[in-house]
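# Report on the structure
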Amino acid sequence: MKKLVLLSASLFFLVSCGKKENATSDFSKPSQTENTVTENTSYDPKKGEGKYDKVDLPANLNKEMASLGEAVAGTKCTSCHKLSDEKLVGPGWKGVTERRTPEWIMNFITNPDPMIDKDPELQAQLEVCLVRMPNQSLTDDEARQILEFMRKNDGVK
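Since we're looking at a predicted model, the values are computed, not measured.

### Structural notes on the environment of Ser84
Tracing the backbone shows Ser84 in the loop between helix 3 (63-76) and helix 4 (96-99). The sequence separation of Ser84 and Asp154 amounts to 70 residues, and the corresponding C-alpha distance is 9.5 Å. If we ignore the near neighbours within four places in the chain, the residues touching Ser84 are Gly92, Trp93 and Lys94.

So, in structure tokens, the structure goes:
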């Protein structure tokens, strides 16, 4: 009899915790502040958001840095990004250094979440890719090496 009561009580709790059609929870109901759209005038679509305000690139490719960047990208990037313009999980990398500034690239690969939240082009890309870019916790050196590898991929000699 005790087992039947315990089984009935467990079943009751499982069913009562299920999704109800008209029920809302604190997680599904936006808060008052979430409904208020505020324009962030400090976001610069050319630089993005992050600590990189100025990235000076040499005219010629740093081959050693590009090679190191290729190794890092092979570990952290190429499972989602192709080197062509073809989409895999995320967009392809071909031409990225021609479309984006070095500051934007460095800020995005080291600080993707705030940029996705503020950049209309990234939000549109998210609708195509359906997956947010994760923060890979890259060091400054790794980010710069990946940028140099992207430059190599775009034909910088």
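After that view of the structure, there is still more to cover.
### Let's talk about helix 7 (residues 120-129)
With a side-chain oxygen positioned 2.8 Å from the backbone nitrogen of Glu121, the residue opening helix 7 is Asp119. Positive backbone phi, approximately 70°, marks Leu130, located one or two places after helix 7.

### Here's the deal with the packing of helix 5 (residues 102-110) against helix 8 (residues 140-153)
Look at helix 5 against helix 8: their axes get within 10 Å of each other, and the N-to-C directions meet at 130°. In terms of orientation, helix 5 and helix 8 fall into the oblique class. Handedness of the crossing formed by helix 5 with helix 8: right-handed. In contact with Pro102, Ile105, Met106, Ile109 and Thr110 of helix 5, helix 8 contributes Asp140, Ala143, Arg144, Ile146, Leu147 and Met150. In terms of residue class, the contact of helix 5 with helix 8 is built from 8 nonpolar, 1 polar and 2 charged.

### Some remarks on the pattern of salt bridges
Pairing is possible between side chains of opposite charge, provided their charged atoms come close. The full count for this structure, using the stated rule, is 9 salt bridges. Taking the shortest distance from any N to any O, the salt bridge between Lys54 and Asp56 comes out at 3.5 Å. Via salt bridges that share partners, Asp113, Asp117 and Arg132 belong to a single interconnected network.

### Re helix 5
Most of helix 5 sits out of view: 8 of its 9 residues are buried. Of the surrounding elements, those touching the buried residues of helix 5 are helix 4, helix 6 (112-118), helix 7 and helix 8.

### Focus: a nonpolar patch on the surface
Side chains of Leu88, Val89, Leu130 and Val131 sit close together on the surface and give an oily, nonpolar patch of about 340 Å² of accessible area. Looking at where Leu130 falls in the secondary structure, it is placed in the loop between helix 7 and helix 8. Judged by its relative accessible area of 68%, Leu130 falls in the exposed class.

Criteria and thresholds
- Residues numbered from 1 in each chain as written.
- Predicted model: local features only at pLDDT ≥ 70, side-chain atom pairs only at ≥ 80, totals over all residues.
- Heavy atoms only, no water.
- Helix = DSSP H or I, 4+ residues; strand = E, 2+ residues; numbered from the N terminus.
- Contact = heavy atoms within 4.5 Å.
- Polar contact = N/O pair within 3.5 Å; in protein donor to acceptor, adjacent residues only side chain to side chain.
- Axes fitted to C-alpha atoms, helices over the stretch in contact; angles between N-to-C directions.
- Parallel < 35°, antiparallel > 145°, perpendicular 65-115°, else oblique.
- Left-handed = near helix turned anticlockwise from the far one by under 90°.
- Nonpolar A, V, L, I, M, F, W, Y, C, P; charged D, E, K, R; others polar.
- Salt bridge = Lys/Arg side-chain N within 4 Å of Asp/Glu carboxyl O.
- Buried < 20%, exposed > 50% of the residue type's maximum accessible area, 1.4 Å probe, protein only.
- Patch = residues over 30% accessible without salt bridge, like charges linked within 9 Å, V, L, I, M, F, W, Y side chains within 5 Å.
- Areas by Shrake-Rupley, 256 points an atom, 1.4 Å probe, with all protein chains shown as cover.

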